[in-house]
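Each chain, letter by letter, is given below.
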Amino acid sequence: MNTNSFSLFPTLIHKVDNFLSASECATMFDYIQKLDDGKKHNLILGGDSKSNFALGGSFINNVPVCSDLEERVKTAIQDYASVSGISFSKLDNSWYSIQDVGSCLENHTHPLSGISGVLYIC
């Protein structure tokens, strides 16, 4: 019996450098830290954390620090969609998550999403 393996469905990773300036990152982090709508997320293990989940992209629409954040995200998604051949029509969900050092996010999927992404603010 012969066995062959084929990589039919590679995952394209699309990294966008300088998406936010250092001052925008710092200001956005301070803004998120002060929000009181976060709760402990059951997929984050170890350490303290807070997360909110907002349907309809409402979080991304309400970040006063970066008024064009939604447009920047949509442009990055559109670029990814173009390169990967995936159709993109709208941004459905956005949320924030803050994790302590030493915490980890359990493996999970977003089964109803054609494209998923993350913006790290360090």
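Please read these numbers as outputs of a predicted model, since none were measured by experiment. (Residues numbered from 1 in each chain as written. Predicted model: local features only at pLDDT ≥ 70, side-chain atom pairs only at ≥ 80, totals over all residues. Heavy atoms only, no water.)

Peer 1: Teacher, can you tell me more about the overall build of the protein here?
Peer 2: Scanning the protein from terminus to terminus reveals three helices and four strands. Listed N to C, the secondary structure of the protein is α-β-β-α-α-β-β in terms of helices and strands. On the principal axes, the C-alpha backbone points of the protein span a range of 60 × 35 × 25 Å. Across the 122 residues in the protein, those meeting the buried criterion constitute 24%. Considering only residue pairs separated by 6 or more positions, the protein has 72% of its internal contacts joining residues 24 or more positions apart. Put simply, the protein shows about 9,200 Å² of open surface, and 53% of that area lies on carbon and sulfur atoms. (Helix = DSSP H or I, 4+ residues; strand = E, 2+ residues; numbered from the N terminus. Buried < 20%, exposed > 50% of the residue type's maximum accessible area, 1.4 Å probe, protein only. Contact = heavy atoms within 4.5 Å. Areas by Shrake-Rupley, 256 points an atom, 1.4 Å probe, with all protein chains shown as cover.)

Peer 1: When you look at the pattern of salt bridges in this model, what are you seeing that I'm missing?
Peer 2: Oppositely charged side chains are able to pair whenever their charged atoms sit close together. Here the structure, examined in full by the defined rule, presents five salt bridges. Here Arg-72 and Glu-24 are joined by a salt bridge, their closest N and O atoms 2.7 Å apart. With Arg-72 in helix α3 (residues 69-84) and Glu-24 in helix α1 (residues 22-34), the pair connects residues that are 48 residues apart, well separated along the chain. A relative accessible area of 22% means that Arg-72 is categorised as partly exposed. (Salt bridge = Lys/Arg side-chain N within 4 Å of Asp/Glu carboxyl O.)

Peer 1: Can you walk me through unusual backbone geometry in this structure?
Peer 2: Working note: non-glycine residues mostly have negative phi, and peptide bonds are mostly trans. Positive phi, normally seen in glycine, also occurs at Asn-18, with a value near 55°. Inspection of the secondary structure assignment puts Asn-18 in the segment before α1.

Peer 1: Help me understand α3, please; the structure alone is not making it clear to me.
Peer 2: The α-helix winds at 3.6 residues per turn, so residues separated by three or four positions along the chain end up facing the same way. Across its 16 residues, α3 extends 22 Å between first and last C-alpha, which sits within 8% of the 22 Å expected from 1.5 Å per residue. Among the residues trailing α3, Gly-85 stands out with phi positive, at a value near 80°. (Expected span 1.5 Å × (residues − 1).)

Peer 1: What is the right way to look at the nonpolar core in this model?
Peer 2: Nonpolar side chains in soluble globular proteins tend to end up buried together. Core analysis: the biggest nonpolar cluster contains 18 residues, and Phe-19, Leu-20, Met-28, Ile-32, Leu-69 and Val-73 have the highest contact counts within it. Those elements that place two or more of their residues in this core are α1, α2 (58-61), α3 and β3 (93-99). For this core, the leading source of residues is α3, giving five residues. Residues within four places of Phe-19 in sequence aside, it is in contact with Leu-69, Arg-72, Val-73, Ala-76 and Leu-119. (Core = buried A, V, L, I, M, F, W, Y, C linked by side-chain atoms within 4.5 Å.)

Peer 1: It is not clear to me how the environment of Cys-25 should be interpreted in this structure. Could you clarify?
Peer 2: Structurally, Cys-25 is set in helix α1. Along the primary structure Cys-25 and Asp-92 are separated by 67 residues, whereas in three dimensions their C-alpha atoms are 23 Å apart. Once residues lying within four places of it in the same chain are set aside, the contact partners of Cys-25 are Leu-20 and Ile-121.

Peer 1: In this structure, what is going on with the side chain of Ser-49? I would like to understand it.
Peer 2: Topologically, Ser-49 is positioned in strand β2 (residues 49-55). Every residue in contact with Ser-49, bar those within four places of it in the chain, is listed here: Lys-39, Lys-40, His-41, Ile-44, Ile-98 and Gln-99.

Peer 1: What should I look at first to understand α1 in this one?
Peer 2: With 13 residues, α1 ought to run about 18 Å at 1.5 Å a step, and its terminal C-alpha atoms sit 19 Å apart, in line with that. Considered for burial, the residues of α1 that qualify are Glu-24, Cys-25, Met-28 and Ile-32. Take α1 and look down its axis: the buried residues cluster within an arc of 100°, on one side only. Those residues of α1 that are exposed and angled more than 90 degrees off the buried face are Ala-22 and Lys-34. (Arc of directions from axis to C-beta.)

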